[in-house]
Amino acid sequence: MDYIDYYKVLGITKSASEKDIKKAYRKMARKYHPDVNPNDATAEKKFKEINEANEVLGDPEKRKKYDQYGKDWMHAEQFEKAKAQQRSSRGSTGQGARQDFGGGDFSDFFESMFGGSGGFSQGGYSAGGGRQTRFRGQDLNAELRLNLRDAYKTQKQTLTVNGKNIRLTIPAGIENGQTIKIPGHGGVGRNGGPKGDLYLKFIIDNNTSFKRDGNNLYKDVEVDLYTAILGGEITVDTFDGKAKLKIKPETQTGTKVKLKGKGFPIYKKEGQYGDLYITYNIQTPTNLSDKEKELFKQLASFKN
Amino acid sequence: MQQEEYVSVTEFCNGHSISTTVITQLNEFGLVHIIERSNSLYLPMEELPKTEKMLRLHTDLNINLEGVEVITRLLERIEEANNEMIKLKNKLSLYE
């Protein structure tokens, strides 16, 4: 567990006044607040860090303890005992209307020095000033990686988010980069407010020979020169099987054919599929025998 | 009007300790769509997450309602641009 320099987190010096701390915190909160940085895990992490720094430095008691022990925070327990003795002869600490945004989920360093998170509900926001406002919990963001084959079929998955299992049905045809909202699986609400939502972003890895654009699939297929010139039949792989294709005589390289309904499932439209586009790449023969070369020369002479 | 689909603006504002003028102003900006029934104002339940997000900007970050309007519209544009970028990135993979 590492020591955290809360002054550095807020970009202030140790001599900063309460006003300076509040100002620095507000400035950084505006920059990293999750509502102005949706789907940004880095900003979310930074926001938690500055919340934690503010929780300590914005509270005179905690700041005093932090300043006194600093890197030797492991000995803070002695301070706690001394403080308990003092408390009996003193009234309220009178923190006033210090504002915080909740945040919860504090670091091990914080937990080690100050114990629990002081009654802050995880992810909730408060309006400060002691008002009993009911706020919806924070929205959470997560990423789920699937391969293209998985995304082809509707499937059920169980995810673990913040220690809780969520059973999820992922409809076939989900798009790379698509985000879906799972209501009520975000942070816990504050003062009886409802839970936030979980936003799940899908990253689809494609390790197949097919390329995807929305609901359509694309694939290049090699056709030998003789079949391309004389015509014939070839068998191609579709995403979930095979298909026979007739090649017309004198087919050119780059010719594209559409296999209707052989593409990717259309999201949330069961039984409907996009199309598969096959592009022919005509293969020029190599390692020709003398006889073959002679025959090609004969063919060339017809054209001259 | 089904009861579960709307929440009274007065009740909502009391719950959040804000003045009802905050919601009516957001309505004037076109950021929420409140309806009036029997001399009372109601907010559709489906607009609550968006409305509460705007309130957090207002109360957590001390941003005035004009600022909230600008931020909300810019965030909407960023979301549209991000969606467009995802589509284009996916299309670009066709040529890789």
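Not measured: the values here are computed from a predicted model.

## Looking at the overall build of chain A
Next, step 1: Regarding its fold elements, chain A presents nine helices and eleven strands.
Next, step 2: Residue burial in chain A is summarised as follows: out of 304 residues, 26% are buried.
Next, step 3: The contacts in chain A between residues at least 6 apart in sequence include a share of 55% that link residues at least 24 apart.

## Overview of the environment of Pro38 of chain A
Next, step 1: Along the chain, Pro38 of chain A turns up in the loop between α2 (18-32) and α3 (41-57).
Next, step 2: Pro38 of chain A sits 103 residues away from Asn141 of chain A along the chain, and the two C-alpha atoms are 8.3 Å apart.

## Observations regarding the nonpolar core
Next, step 1: Core analysis: the biggest nonpolar cluster contains 21 residues, and Tyr6, Leu10, Tyr25, Met28, Ile50 and Ala53 of chain A have the highest contact counts within it.
Next, step 2: Secondary-structure elements contributing two or more residues to this core are α1 (6-10), α2, α3 and α6 (108-114) of chain A.
Next, step 3: Counting residues per element, this core draws most heavily on α2 of chain A, which supplies six residues.
Next, step 4: The residues touching Tyr6 of chain A, leaving out its near neighbours within four places in the chain, are Ala53, Val56, Leu57 and Tyr66 of chain A.
Next, step 5: Counting residues in each nonpolar core, the second largest holds 14 residues, with Val36 of chain A together with Phe12, Val32 and Ile71 of chain B among its members.

## Brief notes about the pairing of strand β8 (residues 232-238) of chain A
Residue and element names in this part refer to chain A.
Next, step 1: One ladder, built from seven bridges, connects β8 with strand β9 (residues 241-247); its direction is antiparallel. Along β9, the bridge assignment pairs Ile234 with Leu245.
Next, step 2: Connecting the antiparallel pair β8 and β9 is a turn made up of two residues.

## Considerations on the environment of Ile23 of chain B
Residue and element names in this part refer to chain B.
Next, step 1: Mapped onto the secondary structure, Ile23 falls in helix α2 (residues 20-28).
Next, step 2: On the basis of neighbour counts, which here come to 23 C-beta atoms within 10 Å, the residue Ile23 falls in the buried class.
Next, step 3: Spatially, the C-alpha atoms of Ile23 and Val9 are 7.5 Å apart, while their sequence positions differ by 14 residues.
Next, step 4: The residues contacting Ile23, other than those within four sequence positions of it, are Val9, Phe12, Cys13, Val32, Ile34 and Leu43.

## Points about unusual backbone geometry
Next, step 1: One non-glycine residue, Glu250 of chain A, lies in positive phi territory at about 60°.
Next, step 2: By the C-beta count within 10 Å, which is 9 here, Glu250 of chain A ends up exposed.
Next, step 3: The phi dihedral of Asn62 of chain B is positive, around 55°, even though this residue is not glycine.
Next, step 4: Along the chain, the position of Asn62 of chain B falls in the loop between α3 (48-60) and α4 (65-92).
Next, step 5: For Asn62 of chain B, a count of 12 C-beta atoms within 10 Å corresponds to the exposed category.

## Structural notes on α2 of chain A
Residue and element names in this part refer to chain A.
Next, step 1: Here α2 spans 21 Å end to end across 15 residues, near enough to the 21 Å set by a 1.5 Å rise per residue.
Next, step 2: Ile21, Ala24, Tyr25, Met28, Ala29 and Tyr32 are the residues of α2 that are buried. For α2, the arc enclosing every buried residue in end-on projection is 130°, short of the 170-degree limit, so these residues lie on one face.
Next, step 3: On its buried face, α2 is in contact with α1 and α3.

## Structural notes on the sheet that holds strand β6 (residues 211-213) of chain A
All names here are of chain A.
Next, step 1: An order of β6-β7-β11-β10 is seen for the four strands of this open sheet, with the pairing classed as mixed. Of all the strands in the sheet, just β6 and β10 (256-259) have a single pairing partner and so form its edges. Strand-to-strand, the axes of this sheet are offset by a mean angle of 30°, without reference to chain direction.
Next, step 2: Bridging between β10 and strand β11 (residues 276-283) involves four bridges; their strand directions are antiparallel. By the bridge assignment for β11, Lys258 is matched with Tyr277.

## Points about the confidence of the model for chain A
Do not read the fine detail of predicted coordinates wherever pLDDT is low.
All names here are of chain A.
Next, step 1: Within chain A, residue pLDDT values average 82, and 81% of them lie at 70 or more.
Next, step 2: Counting contacts from residues 87-103, a segment whose pLDDT is below 50, to residues more than four positions away or on other chains yields 30 contacts.
Next, step 3: Here residues 117-131 is a poorly scored stretch, pLDDT under 50, and it has 51 contacts once near neighbours within four places are set aside; other chains count.

## Some thoughts on the pairing of strand β3 (residues 164-170) of chain A
All names here are of chain A.
Next, step 1: With zero of its seven residues buried, β3 lies for the most part at the surface.
Next, step 2: Where strand β2 (residues 155-161) lies against β3, seven bridges are found, and the strand directions are antiparallel. Residue Thr158 lies in a different strand from β3, and its bridge partner there is Arg167.
Next, step 3: In textbook terms, the turn of a hairpin is the stretch between consecutive antiparallel strands, and for β2 and β3 this stretch comprises two residues, one of which, Asn162, has a positive phi near 50°.

## Focus: the sheet that holds strand β1 (residues 6-8) of chain B
Residue and element names in this part refer to chain B.
Next, step 1: A sheet is described by the order of its strands in space; here three strands give the open sequence β1-β3-β2, paired in antiparallel fashion. Every other strand in the sheet has two partners, leaving β1 and β2 (35-37) as the edge strands with one partner each. Averaged over all adjacent pairs, the angle separating strand axes in this sheet is 40°, with direction ignored.
Next, step 2: Bridge count for β1 against strand β3 (residues 40-44) is three bridges, and the pairing is antiparallel. Directly across from Ser8, in β3, lies its bridge partner Tyr42.

Basis of the calculations
- Residues numbered from 1 in each chain as written.
- Chains lettered and ligands numbered in written order.
- Predicted model: local features only at pLDDT ≥ 70, side-chain atom pairs only at ≥ 80, totals over all residues.
- Helix = DSSP H or I, 4+ residues; strand = E, 2+ residues; numbered from the N terminus.
- Buried ≥ 20, exposed ≤ 12 C-beta atoms within 10 Å, placed from the backbone.
- Contact = placed C-beta atoms within 7 Å.
- Core = buried A, V, L, I, M, F, W, Y, C linked by C-beta atoms within 7 Å.
- Pairing = 2+ DSSP bridges.
- Expected span 1.5 Å × (residues − 1).
- Arc of directions from axis to C-beta.
- Axes fitted to C-alpha atoms, helices over the stretch in contact; angles between N-to-C directions.
- pLDDT = per-residue confidence, 0-100.

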